[in-house]
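# Structural overview
As a plain string of letters, each chain reads:
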Amino acid sequence: MYYNDRVLKTKPHLITRSLIPENQETPIHFLEDSETPSTMTFRRNHFIYPDISIQAYFLTITGSVKTPVILHYNQITSMPSQTVTALVECSGNKRAYFEPKVFGEQWTEGAISQGTWKGVPLSYLLSFTGINEGAREIVFLGGDSGEKKGLHVHFERSLPLEKALVSNVIVAWEHNQKPLSPKHGFPFRLIVPGWYGMASVKWLKTIRVIDTQFSGPFQTDDYVYYPFMDQDKDSVPVTSNHVNSVIQQPLDRQILKPGQHEVTGIAWTGEGIITSVEISLDNGATWKSASLQNNPHKYQWMKWSYSHVFERNNEYTIKIRAFDSNGHSQPNKAFWNRKGYGYNEISQIIIQIE
Ligand SMILES: Nc1nc2c(c(=O)[nH]1)N[C@H]1C(S)=C(S)[C@@H](COP(=O)(O)O)O[C@H]1N2
Ligand SMILES: [Mo]
């Protein structure tokens, strides 16, 4: 047997940040497909995985509704479904790059994946219960729980009614044509395209309509932008994804041979679409357009590339900035915030040519 790469099937692996609870990054620099396989999808958990038995499982919809309901697995999965291809990005993606550094999982660039999710629109589920006049938010409780700041809490988040009822917010049971895996929320998870990942609650147990503003530790403590180190003033909740990009190849500090090489990567945004991606090979002095590799789709990343002949004995500082249809682009300097969310500074690598 020849031990070549074909026989040994060289494959990327998740990048471990912690094991209990499990937090691992997608090997984003080594994936070309627009659908991230389930095994390569990043994992972001606040607690240990919950034990869920499908026989004992039911989903309740309660609170400020006309008729509360209890639904079993088969009742939900036989409802009219919708399929959404969307990326999920953790708001802590790229946290490791903040300066000054901040506490929390030190994600580099792989707290993002893209998948095809099948489920029932939340608005359809709520048409069974009706919503009372005066309802403001919908609260989603996950089956996982544990200790946070001395209290036993569940992972629980709310959406304002306006966001919850748009048609592509779904209660999903399939990921990439298979039932959701236990790690990604089996039996049901919410998918909220356009918002950072914390909104997409896994292991959904109850949906509760409320007339007030929800406050829970994952709503009003975590997932809030705090612009100051030592005070909470001017804080803003984390919602939609910022316009952002990753240079997939080459890698930062890679040594390459002289000649033609492709610079490739992805770019994405929360609301709207990617309209252009610009590249600089001279540390931001001049910019050119990278070519976009697919049609823009809302809530999906855009693949881009740029081919160039690189010269011997040279170093290149390569920068990428993406622009979206809402007039947003990646900033020269990331907006620093105490908990390290939403980093989207212009992407950069430095390469050396032999
Ligand atoms: N129940 C529950 N849902 C959750 C979380 C969690 O810890 N518990 N983490 C959230 C966060 S912060 C992110 S980024 C995504 C990650 O989803 P994934 O692990 O399927 O990639 O799930 C969200 N939903
Ligand atoms: Mo996240």
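Residues numbered from 1 in each chain as written. Chains lettered and ligands numbered in written order. Predicted model: local features only at pLDDT ≥ 70, side-chain atom pairs only at ≥ 80, totals over all residues. Heavy atoms only, no water.

Within an unreviewed UniProt entry, the label attached to the chain reads Sulfite oxidase, and the organism entered is Bacillus salipaludis. UniProt, in the comment section headed Cofactor (unreviewed entry), describes the chain in these words: "Mo-molybdopterin". (UniProt positions renumbered as here; feature names shortened; annotations may be inferred.)

Bringing the overall build of the chain into the picture now. Each helix and strand in the chain was counted, giving five helices and 24 strands. The globule rule puts the C-alpha radius of gyration for 354 residues at 20 Å, and the 21 Å found for the chain is close to it. Structurally, the chain occupies a C-alpha span of about 70 × 60 × 40 Å along its principal axes. Looking at the chain as a whole, 51% of its 354 residues qualify as buried. Restricting to contacts in the chain with at least 6 residues of sequence separation, those with at least 24 account for 70%. Taken as a whole, the chain presents about 16800 Å² of accessible surface, with 52% of it coming from carbon and sulfur. Here the chain contributes 34 positively and 34 negatively charged side chains, and the mean placements of these two sets differ by 3 Å. (Helix = DSSP H or I, 4+ residues; strand = E, 2+ residues; numbered from the N terminus. Rg over C-alpha atoms; globule rule 2.2 N^0.38 Å. Buried < 20%, exposed > 50% of the residue type's maximum accessible area, 1.4 Å probe, protein only. Contact = heavy atoms within 4.5 Å. Areas by Shrake-Rupley, 256 points an atom, 1.4 Å probe, with all protein chains shown as cover. Lys, Arg positive; Asp, Glu negative; His and termini not counted. Charge placed at Lys NZ, Arg CZ, Asp CG, Glu CD.)

Formed by 41 residues in total, the largest nonpolar core has its most connected members in Leu-125, Phe-140, Leu-159, Val-171 and Ile-207. Residues in contact with Leu-159, not counting those within four places in the same chain, are Arg-136, Glu-137, Ile-138, Phe-140, Ala-164, Val-169, Leu-190, Val-192, Trp-195 and Ala-199. Grouped together as the second largest cluster of nonpolar side chains are 21 residues, Leu-256, Val-263, Tyr-316 and Ile-320 included. (Core = buried A, V, L, I, M, F, W, Y, C linked by side-chain atoms within 4.5 Å.)

By a frequent convention, interface size equals the accessible area lost on bringing the separate parts together. Entries for the chain in the domain assignment read domain 1 (15–237) and domain 2 (244–353). For domain 1 and domain 2, the distance between their C-alpha centroids amounts to 28 Å. With 44 residues of domain 1 at the interface, the matching set in domain 2 holds 27 residues. With both chains or domains summed, domain 1 and domain 2 bury close to 3200 Å², and 57% of this area falls on carbon and sulfur atoms. Where domain 1 packs against domain 2, one counts four salt bridges. Residue Asp-232 pairs with Arg-338 through a salt bridge whose shortest N-O separation is 2.8 Å. Seen at the junction of domain 1 and domain 2, the total is 23 residue pairs in polar contact (both at pLDDT 80 or more). Listed by contribution, the elements that provide at least two residues to the side of domain 1 that touches domain 2 are β6 (82–89), β7 (112–121) and β14 (224–225). The element best represented in the side of domain 1 that touches domain 2 is β6, accounting for four residues. (Domains from an automatic or database assignment. Buried area = accessible area lost by both parts, 1.4 Å probe. Salt bridge = Lys/Arg side-chain N within 4 Å of Asp/Glu carboxyl O. Polar contact = N/O pair within 3.5 Å; in protein donor to acceptor, adjacent residues only side chain to side chain.)

With that out of the way, let us pick up the UniProt feature "domain: Moybdenum cofactor oxidoreductase dimerisation" (unreviewed entry) in the chain. Cross-referencing UniProt, the feature "domain: Moybdenum cofactor oxidoreductase dimerisation" (unreviewed entry) maps to residues 242–351 in the present numbering. Counted over residues 242–351, helix gives 0% and strand 49%. Its end C-alpha atoms are 26 Å apart.

Read from one edge of the open sheet, four strands run β16-β18-β22-β21, paired in antiparallel fashion. This sheet does not close on itself; its edge strands, each paired only once, are β16 (244–249) and β21 (291–292). (Pairing = 2+ DSSP bridges.)

All chains considered together, the criterion is met by 15 aromatic pairs. Each ring, one from Tyr-49 and one from Trp-203, has its centre 5.9 Å from the other, and the planes form 75 degrees; the classification is edge-to-face. Here Tyr-49, found in the loop between β3 (43–44) and β4 (59–63), pairs with Trp-203, found in the loop between β12 (189–191) and β13 (204–210); they are 154 residues apart in sequence, far enough to count as distant. The buried category is assigned to Trp-203, whose relative accessible area is 2%. Both rings, one in Phe-98 and one in Tyr-343, keep their centres 5.0 Å apart while their planes meet at 90 degrees; by these two values the pair is edge-to-face. In this pair, Phe-98 is assigned in the loop between β6 and β7 and Tyr-343 in the loop between β23 (314–324) and β24 (347–353), connecting sequence segments 245 residues apart. (Phe/Tyr/Trp six-rings, centres within 6.5 Å; stacked < 30°, edge-to-face > 60°.)

Before going further, it helps to spend a moment on the sheet that holds β4. The strand order β5-β4-β13-β8-β9 describes an open sheet built from five strands, whose pairing is mixed. Two strands in the sheet have a free side with no partner beyond their single neighbour: β5 (69–71) and β9 (151–160). Going across the sheet, the axis of each strand differs from the next one's by a mean of 25 degrees, ignoring polarity. Summarising the sheet, strand β8 (residues 137–148) and β9 pair through nine bridges and their orientation is antiparallel. Following the sheet pairing, Glu-147 is matched in β9 by His-152. Across the sheet, helix α3 (residues 122–129) lies against β4, β5, β8 and β13, angled at about 65 degrees from β4, the strand it touches most. (Axes fitted to C-alpha atoms, helices over the stretch in contact; angles between N-to-C directions.)

The local shell around ligand 1 holds 18 residues, among which Phe-42, His-46, Asp-144, His-184 and Lys-202 are the closest. Take Ser-200: an N or O atom from its main chain is 3.0 Å from a nitrogen atom of ligand 1. When residues of the shell around ligand 1 are traced back to their parent elements, those giving at least two are β3 and β8. (Near = heavy atom within 4 Å.)

Residues annotated by UniProt as "domain: Oxidoreductase molybdopterin-binding" (unreviewed entry) correspond here to residues 47–216. In this annotation, residues 47–216 is assigned 10% helix and 39% strand; the end-to-end C-alpha distance for the span is 16 Å.

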